[in-house]
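Chain and residue survey
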Amino acid sequence: MALKERPKPYLLPEYCKGCGRCLDACAKDCIHLSDQINPLTGLVPVELDLTNCNACGLCMDACPEPYGLRPAHEGEIQDFELEDPAKLFGVKPSDAPEPVDMPSEVLPLPRTEPLVIKGTYASALGALLAGCRHVYGYPITPSTEGAELMAKFLPKLDGTFIQAVSEVATVNMMYGTAGAGLPTMTFTSSPGFSLMLEGVSYMIGAELPGVFVDVMRGGPGLGNIAPEQSDIKLACHGLGHGNTQAITLAPSTPQEMLDLTMLAFELSFKYRNPVILLGDGYLGQMTGKVQLPETMIKPGIPKWAVYGDAMHRKNVITSIFLTESDLEAHNVHLNAKYEAMQVEARAESFLCDDAEVVLIACNTPARTAKGAVQELRHQGIKAGLFRPITLWPFPVEDLKAAIQGAQRIVVVEASAGQLEDEIRLALSKAGVHQFPEIESVRRMGGVLPQQSEIMTRVLGRKEVLA
Amino acid sequence: MSKASVFYDKFERHSHGEGLKGHATHYCPGCGHGLAHKYLAEAIDELGIQDRTVAVSPVGCSVFLYYYFDVGNTQAAHGRAPVVALGHKFANPESVVVSYQGDGDLASIGLAETVATAQLGAPITVIFINNAIYGMTGGQMAPTTLMGQTSSTSPSGRNEYNGQPLKMAELIAGLDGPVYVERVALYDAKQRIKAKKAIHKAMKLQMEGRGYSFIEVLAECPTHLKMNPEDTEKWVKECMEPVYPLGVKKDLTVDPWFKRNAPCFKGEKILSLAGATSEHPERHCKGFPTHLAPNDISLKLAGSGGDGAQTAAMLIARAAISEGFDATHIPSYGPESRGGTSYADVHVAEDEVLNPGSPDPQVLIAFNAPSLAKFGPTVRKGGFVIYDSSVVTDAPVLDPSIRMFPVPFTGIATDLGKAVVKNIVALGALQAATNIFPKDTLLGAIRTALKDKCALIPLNEEAFAWGIKSVEALDK
């Protein structure tokens, strides 16, 4: 019988917690609890008397400790450590290989005529061209068409689209795929983005890339499905619990929906951090001219990934840092990354060089504001538009230049002042305390500021200036 | 049994008595986790899948699973381990992914993820440690806590106001997704052998791409049950087992089915899916239609869902872009999926559309009376209003500088035998009324849109021609 060939057990008392599970596993009554506390462990181990042992092995199967009751030939190697091995060795000893980066490839794409597509589709195409083949999502208006396009295209590219049970599940599927080192993304809208924030915090903590396209809608609560710039504060200052930041991009045209989605993947892998792309309901639905790029990406596998193969066996994806000093060091590391991300600040300044009235807006309101600038210029008013393309990091240096000659600053936004708060915070942090009083054109609830409202605000104060 | 090589040679862990460092788990004496870890390690070893394995650590006492297993490790948020596991599995279908979870994680906070992942049925292995209590947080009531069982949040014993204990193995076995569901225990040698076999089988089924497996392990938590390990084993056998009967709950014979190709990164394929082409569209415009506006024309199309206002708007935008101009189209709908209001704002600009909204359009195409009444007064002086005279009998009186074009969109389309082409009639009328683009520009956009439904092109061309004729007839 096979059982008889098994070796007798061996136990190093220091590895025994004295639970006694092995006691009744032994039919020959070979194992007893000791009456002595082991001075090294403070526990009471079992004692073996193998006189009657028939090497059935059941005691070893009953022992919950991997290094507890072991076959004699293994156990005799008395290699226990008195010191914490993490301190002794730094890293866990393992024969797993040292992983190396498998770089992504840039592939040429034939030049094509511009497409005429809506913003969500442009973003979806951008993701495909950035090498994303794993998309998870939960239907929510007005972002769903992006997910629908992915559900249609990805099977044809042998990619994966899974409609998750919720946004919570969505972000955690992203966590898994990102943990495996692959590009992944989702389309969502404000209430769904709220639900994802727990996972975003985990992704930031575990340093995982991923792209969140949030087509913002009216809130709070269920709100409505019309466009609002309702999540600027969430993206810039509320990405779940803890010390979290992520680059936040604010496109204003379908073309930018594609370009900035591609950029989002690049930055997300560059910094091992999620990137948020904030659209608005208008932009998601808006159809416009979209020129495809001349290159596309075939992703590699970064060295830190847990891909599930020999090369990456060594890796761990976790946001746990149990020791306070370790977690503080991790936060210092994250802060250094956030600091490094400052170079990614991007903005467009439109006719700001000589502008006396500087409008500030992003997303669709920026287009309306651009129309207003043109109209104001026709009327002889030196107006300009400053459009932050990254809301975090805020392009404060560009802003400083744009408002240098400004006598008036008018923030145009479809929210209760979330963009203005970013502007004020950025100026304050940059030590700029002297700037014209900030005026605003704000609409909420799904109403976008109209060009006529901007004109009224700017022209209504003209006399005061003169 | 020998120590499986899948365990690290030395464990990373926080202090737990000097002598235990490096070779003992962080689990309390008598805890069931250690055994489940051992059986999992043995299964990975026996199946030779150490390099392919990804272990997803949950939140709970086994949060530090990654201290022990020399495999790829990912630590998940509380309750989310199964969907994290799916994310790994789909990223690398060759990987063997284990979601190892306790009862609070799997059966409480992560119930939605647990059930949805099981029903999805993709081959992953879920190992569920049911010890009827929250361990890591300190002995609170779990969804699996027995009736009458005391815990720190059911101090007088679980009662009817806390609900009944949740039988996960039965719940999961009741789903169509899983192929193998078994509940096992650890309290004696016989049960331990069964537990070991079950875990081995669950891993093997995944490895072979046969499907999702769920192993519920009735485990001991002597610390929070406040019993010695021996009594805890007895308690599991005598108190837990009657509520959570052991055995195979589901075992389907399924052929391997989970086979996924490597994703495609062929640019041509993506371009073809996107409908992108390198063919230059023929241009017919001699320049921007400055007779309408110097560099930006604002249009609004308004009707009910089904009128085709959005399609017509899209065709105008495509026509403009095929001529090298910029264009935008913003749809807006009522909350209804069908039959509600359907408005479209369109801009055509020589260089860049600055403001894509059309609050005061130069051109209005109205498909019904309410749309005409609503947007007619917003049309700019000198603008154009084209409306469906089949359905609008009383047109509002607008500024005299606005030119009105009553065209029977519906009547013409019905005569042509297809009411849905009324939007194409409208486009024909737009062309004749405004000369925004040459006929061939709009026809080109229509033909391109119908390239997969070529049979419909003649009908649409006819509808377009009738729209033109109707406007020309008005001029006479």
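Quick caveat: nothing in here was measured; it's all calculated off a predicted structure. (Residues numbered from 1 in each chain as written. Chains lettered and ligands numbered in written order. Predicted model: local features only at pLDDT ≥ 70, side-chain atom pairs only at ≥ 80, totals over all residues. Heavy atoms only, no water.)

**Re unusual backbone geometry**
The omega torsion across Gly219(A) and Pro220(A) is 0 degrees, close enough to zero to call that bond cis. Examined against the element boundaries, Pro220(A) turns out to sit in the loop between strand S10 (210–216) and helix H8 (232–237). Of the consecutive residues Trp392(A) and Pro393(A), the connecting peptide bond is found in the cis state with omega at -5 degrees. Its location among the elements puts Pro393(A) in the loop between strand S19 (390–392) and helix H13 (396–402). Positioned with a positive phi, Glu207(A) is a non-glycine residue whose angle comes to about 60 degrees. Within the secondary structure, Glu207(A) sits in the loop between helix H7 (190–205) and S10. Owing to a relative accessible area of 12%, Glu207(A) belongs among the buried residues under this scheme. The phi torsion at Asn435(B) lies on the positive side, around 50 degrees, for a residue other than glycine. Structurally, Asn435(B) can be placed in the loop between helix H13 (422–434) and helix H14 (439–449). (Helix = DSSP H or I, 4+ residues; strand = E, 2+ residues; numbered from the N terminus. Buried < 20%, exposed > 50% of the residue type's maximum accessible area, 1.4 Å probe, protein only.)

**Considering the packing of H14(B) against helix H15 (residues 457–475) of chain B**
Residue and element names in this part refer to chain B. Closest axis-to-axis distance for the H14/H15 pair is 10 Å, and the angle between their directions is 150 degrees. In terms of orientation, H14 and H15 fall into the roughly antiparallel class. Relative to H15, the crossing made by H14 is right-handed. Contact residues: H14 offers Lys439, Leu442, Leu443, Ile446 and Arg447, while H15 offers Ile457, Asn460, Glu461, Phe464 and Ile468. (Axes fitted to C-alpha atoms, helices over the stretch in contact; angles between N-to-C directions. Parallel < 35°, antiparallel > 145°, perpendicular 65-115°, else oblique. Left-handed = near helix turned anticlockwise from the far one by under 90°. Contact = heavy atoms within 4.5 Å.)

**Here we look at the state of the cysteines**
All names here are of chain A. As enumerated under the stated definition, the model contains 0 disulfides over all chains in all. For the unlinked cysteine Cys19, the closest cysteine sulfur is that of Cys22, found at 6.2 Å. The exposure class of Cys19 is buried, given its relative accessible area of 15%. (Disulfide = S-S within 2.5 Å.)

**Points about the environment of Met196(A)**
Residue and element names in this part refer to chain A. Mapped onto the fold, Met196 is located in helix H7. Owing to a relative accessible area of 0%, Met196 belongs among the buried residues under this scheme. Linking Met196 and Thr170, residues 26 residues apart in sequence, is a C-alpha distance of 7.6 Å.

**Overview of the domain arrangement of chain B**
Domain boundaries assigned for chain B yield domain 1 (18–251) and domain 2 (290–475). Here the C-alpha centre of domain 2 of chain B lies 62 Å away from the C-alpha centre of domain 1 of chain B. (Domains from an automatic or database assignment.)

**Topic: the side chain of Thr160(A)**
With respect to the secondary-structure elements, Thr160(A) resides in strand S8 (residues 160–163). Setting aside residues no more than four positions away along its own chain, Thr160(A) makes contact with Arg133(A), His134(A), Val135(A), Tyr136(A), Leu154(A), Phe90(B) and Arg260(B).

**Looking at the pairing of strand S2 (residues 72–75) of chain B**
Side chains Gly72(B) and Thr74(B) project from S2(B) onto one buried face, and the interleaved Asn73(B) and Gln75(B) project onto a second face that is buried too. Inspection of the sheet shows strand S15 (residues 316–317) of chain A paired to S2(B) by 2 bridges, in the parallel sense. From the neighbouring strand, Ile317(A) faces S2(B), where its bridge partner is Thr74(B). In this sheet, S2(B) lies alongside strand S1 (residues 53–57) of chain B in parallel orientation, the contact comprising 4 bridges. For Ala55(B), the partnering residue across the bridge sits in S2(B) and is Asn73(B). (Pairing = 2+ DSSP bridges.)

**Structural notes on the environment of Leu86(B)**
Tracing the sequence through the fold places Leu86(B) in helix H2 (residues 81–91). Judged by its relative accessible area of 1%, Leu86(B) is buried. Measuring from C-alpha to C-alpha, the distance between Leu86(B) and Val98(B) comes to 9.7 Å, with 12 residues separating the pair along the chain. In this structure Leu86(B) touches Met173(A), Thr117(B), Leu120(B) and Ala122(B), once residues within four positions along its chain are discounted.

**Thoughts on the nonpolar core**
A general tendency of soluble globular proteins is for nonpolar side chains to be buried together. Judged by nonpolar contacts, the single largest core of 139 residues is most densely connected at Leu125(A), Met150(A), Met185(A), Phe212(A), Ile423(A) and Phe214(B). One finds Phe367(B), Phe409(B), Ile436(B) and Leu450(B) within the second-largest nonpolar core, a separate group that totals 55 residues. (Core = buried A, V, L, I, M, F, W, Y, C linked by side-chain atoms within 4.5 Å.)

**Observations regarding the interface of chain A and chain B**
With 107 residues of chain A in contact, the opposing surface of chain B contributes 111 residues. When chain A packs against chain B, close to 9,200 Å² is buried across both sides, 60% of that on carbon and sulfur atoms. Linking Arg80(B) and Glu198(A) is a salt bridge whose minimum nitrogen-to-oxygen distance equals 3.3 Å. The biggest single contributor to the side of chain A that touches chain B is helix H6 (residues 167–179) of chain A, with 8 residues. Class assignment of the residues belonging to the side of chain A that touches chain B gives a composition of 56 nonpolar, 24 polar and 27 charged. (Buried area = accessible area lost by both parts, 1.4 Å probe. Salt bridge = Lys/Arg side-chain N within 4 Å of Asp/Glu carboxyl O. Nonpolar A, V, L, I, M, F, W, Y, C, P; charged D, E, K, R; others polar.)

**Brief notes about the packing of aromatic side chains**
We describe a pair of aromatic rings using the distance from one ring centre to the other and the angle between the two ring planes. Residue and element names in this part refer to chain B. Within the structure shown, the criterion is met by 19 aromatic pairs over all chains. Geometrically, the ring pair formed by Phe7 and Phe11 is edge-to-face, given 6.1 Å between the ring centres and 65 degrees between the ring planes. Take Phe11: its relative accessible area is 0%, and that puts it in the buried class. An angle of 45 degrees between the planes, with centres 5.8 Å apart, marks the rings of Phe128 and Phe214 as tilted. (Phe/Tyr/Trp six-rings, centres within 6.5 Å; stacked < 30°, edge-to-face > 60°.)

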